Amino acid sequence: MNKSEKIWMNGELVNWHDAKIHILSHVIHYGSSTFEGIRCYDTDKGSAILFFDEHIKRLYQSSKIYRMEIPYSEQELKDAIIATIKANGHKACYIRPLVKRGQGALGVNPALASIEVAIATWEWGSYLGEEVLENGVDVCVSSWARLAPNTLPTWAKAGGNYLNSQLIKMEALMDNYAEGIGLDVHGYVAEGSGENIFVIRDGIIYTPMSGQSILPGITRNAVIHIARELGYEVQETLIPREALYIADEVFLTGTAAEITPVRSIDKYAVGDEKRGPITELLQSKYLDIVKKGTDPYNWLTFI
Ligand code: PMP
């Protein structure tokens, strides 16, 4: 990660090294945070934040689920994000707003802990590696299931959820896979540790339903939108594990991962073990938006 100069903390821009919190902050002990991952792209038409409103909305909704009232308006946070990007002189960056419970309570009950907000930005390339956007990644099905319904809410992008993601990711990397795919507790395909998944077979695009132990990804939504506009049938449905092994194409989506092709799963070749044609087409439409700044859907906020 490339350090940037300033981090926004509770209303002020502070130096990267001074952006500290107390060891007795509630978040450290109990995972009580919500956050977002947003990208700002250096498009041909200037720097632009992708899906700004959608990410801010999700941050507020994740926080509402955990009864964390953000002490800033959506507009104030958006202004703070833009100010942080400008203070760091980024043309393109990853943006990490974080809402957390601070000091004031050390029991599980968080009611007395303060609610604090930070915004960090840094320059970050492709999440799973630059060349993989073309060549694809090798992944495995994880021995860890994703979060069961009515346990940790997957619609909230909350710090604690990522303990499960870490187990999936570490296991995959230790076995030399780039990523692990979590099944839900019933054994249906859910998502990667930090990406949604799409499976293509006989020209139809399948993806797990949004209520099925997944974070309803903003990139996922966009890909569904673009694919349908291109005339593809997209089904949000239950996907059995074996569908992965006989797929023509599989790809992962996420703010960080963008659209990353999968070339093998559990050592089963996916299609021809390289990026498939539908994946390539969807990627190229996505790249037109984020690289050229062509924005027919109004998904970019130029700053
Ligand atoms: N699932 C999980 C678990 C994630 O962490 C992410 C990344 N935020 C995604 C899916 C993809 O979501 P998005 O497209 O909104 O980045």
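Structure: above.
In this text the structure is predicted, and so the values were computed from the model without any measurement.

## Things to note about the overall build of the protein
Turning to step 1, where the next piece is worked out: Counting secondary structure elements, the protein contains eight helices and 17 strands.
Turning to step 2, where the next piece is worked out: Computed over C-alpha atoms, the radius of gyration of the protein comes to 19 Å, within 12% of the 19 Å expected from 2.2 N^0.38 for 303 residues, which places it in the range of a compact globule.
Turning to step 3, where the next piece is worked out: C-alpha extents for the protein along the principal axes are approximately 55 × 45 × 30 Å.
Turning to step 4, where the next piece is worked out: Of all 303 residues assigned to the protein, the portion counted as buried reaches 51%.
Turning to step 5, where the next piece is worked out: Contacts in the protein between residues at least 24 apart in sequence constitute 69% of all its contacts with a sequence separation of at least 6.
Turning to step 6, where the next piece is worked out: When the accessible area of the protein is evaluated, it comes to approximately 14100 Å², of which 51% is carbon and sulfur surface.
Turning to step 7, where the next piece is worked out: If the 29 positive side-chain charges of the protein are averaged to one point and the 38 negative ones to another, these points end up 4 Å apart.

## As for the packing of aromatic side chains
Turning to step 1, where the next piece is worked out: On inspection of all chains with the given rule, the structure shows nine aromatic pairs.
Turning to step 2, where the next piece is worked out: Judged by centre distance (5.7 Å) and plane angle (65 degrees), the rings of Trp122 and Trp124 are edge-to-face.
Turning to step 3, where the next piece is worked out: Here Trp122 falls in the buried class, since its relative accessible area comes to 8%.
Turning to step 4, where the next piece is worked out: Looking at Trp124, the relative accessible area reads 33%, which means it is partly exposed.

## Focus: the nonpolar core
Within soluble globular proteins, side chains that are nonpolar generally end up buried alongside one another.
Turning to step 1, where the next piece is worked out: Counting 24 residues, the largest nonpolar core has Leu50, Ile205, Leu282, Ile289 and Trp299 as the members making the most contacts within it.
Turning to step 2, where the next piece is worked out: Contributing elements (two or more residues each) for this core: strand E5 (46-50), strand E11 (196-201), helix H6 (218-229) and helix H8 (277-292).
Turning to step 3, where the next piece is worked out: It is H6 that contributes the most residues to this core, six residues altogether.
Turning to step 4, where the next piece is worked out: If near-sequence neighbours (up to four positions away) are discounted, Ile289 is found in contact with Thr43, Leu50, Ile226, Thr294, Asp295, Tyr297, Trp299 and Leu300.
Turning to step 5, where the next piece is worked out: One finds Cys40, Ile70, Ala80 and Val117 within the second-largest nonpolar core, a separate group that totals 20 residues.

## Overview of the side chain of His90
Turning to step 1, where the next piece is worked out: Positionally, His90 belongs in the loop between helix H3 (74-87) and strand E6 (93-101).
Turning to step 2, where the next piece is worked out: Note on His90: relative accessible area 8%, which makes it buried.
Turning to step 3, where the next piece is worked out: Discounting residues that sit within four places of it in the chain, His90 has contacts with Ser4, Ser47, Ile85, Thr121, Trp122 and Glu123.

## Some remarks on unusual backbone geometry
Turning to step 1, where the next piece is worked out: The phi torsion at Phe51 lies on the positive side, around 55 degrees, for a residue other than glycine.
Turning to step 2, where the next piece is worked out: Looking at the secondary structure, you find Phe51 in the loop between E5 and helix H2 (52-65).
Turning to step 3, where the next piece is worked out: On the basis of relative accessibility, which here comes to 4%, the residue Phe51 falls in the buried class.
Turning to step 4, where the next piece is worked out: Although it is not a glycine, Ser213 adopts a positive phi angle of roughly 55 degrees.
Turning to step 5, where the next piece is worked out: Note that Ser213 resides in the loop between strand E12 (204-207) and H6.

Rules behind the numbers
- Residues numbered from 1 in each chain as written.
- Predicted model: local features only at pLDDT ≥ 70, side-chain atom pairs only at ≥ 80, totals over all residues.
- Heavy atoms only, no water.
- Helix = DSSP H or I, 4+ residues; strand = E, 2+ residues; numbered from the N terminus.
- Rg over C-alpha atoms; globule rule 2.2 N^0.38 Å.
- Buried < 20%, exposed > 50% of the residue type's maximum accessible area, 1.4 Å probe, protein only.
- Contact = heavy atoms within 4.5 Å.
- Areas by Shrake-Rupley, 256 points an atom, 1.4 Å probe, with all protein chains shown as cover.
- Lys, Arg positive; Asp, Glu negative; His and termini not counted.
- Charge placed at Lys NZ, Arg CZ, Asp CG, Glu CD.
- Phe/Tyr/Trp six-rings, centres within 6.5 Å; stacked < 30°, edge-to-face > 60°.
- Core = buried A, V, L, I, M, F, W, Y, C linked by side-chain atoms within 4.5 Å.

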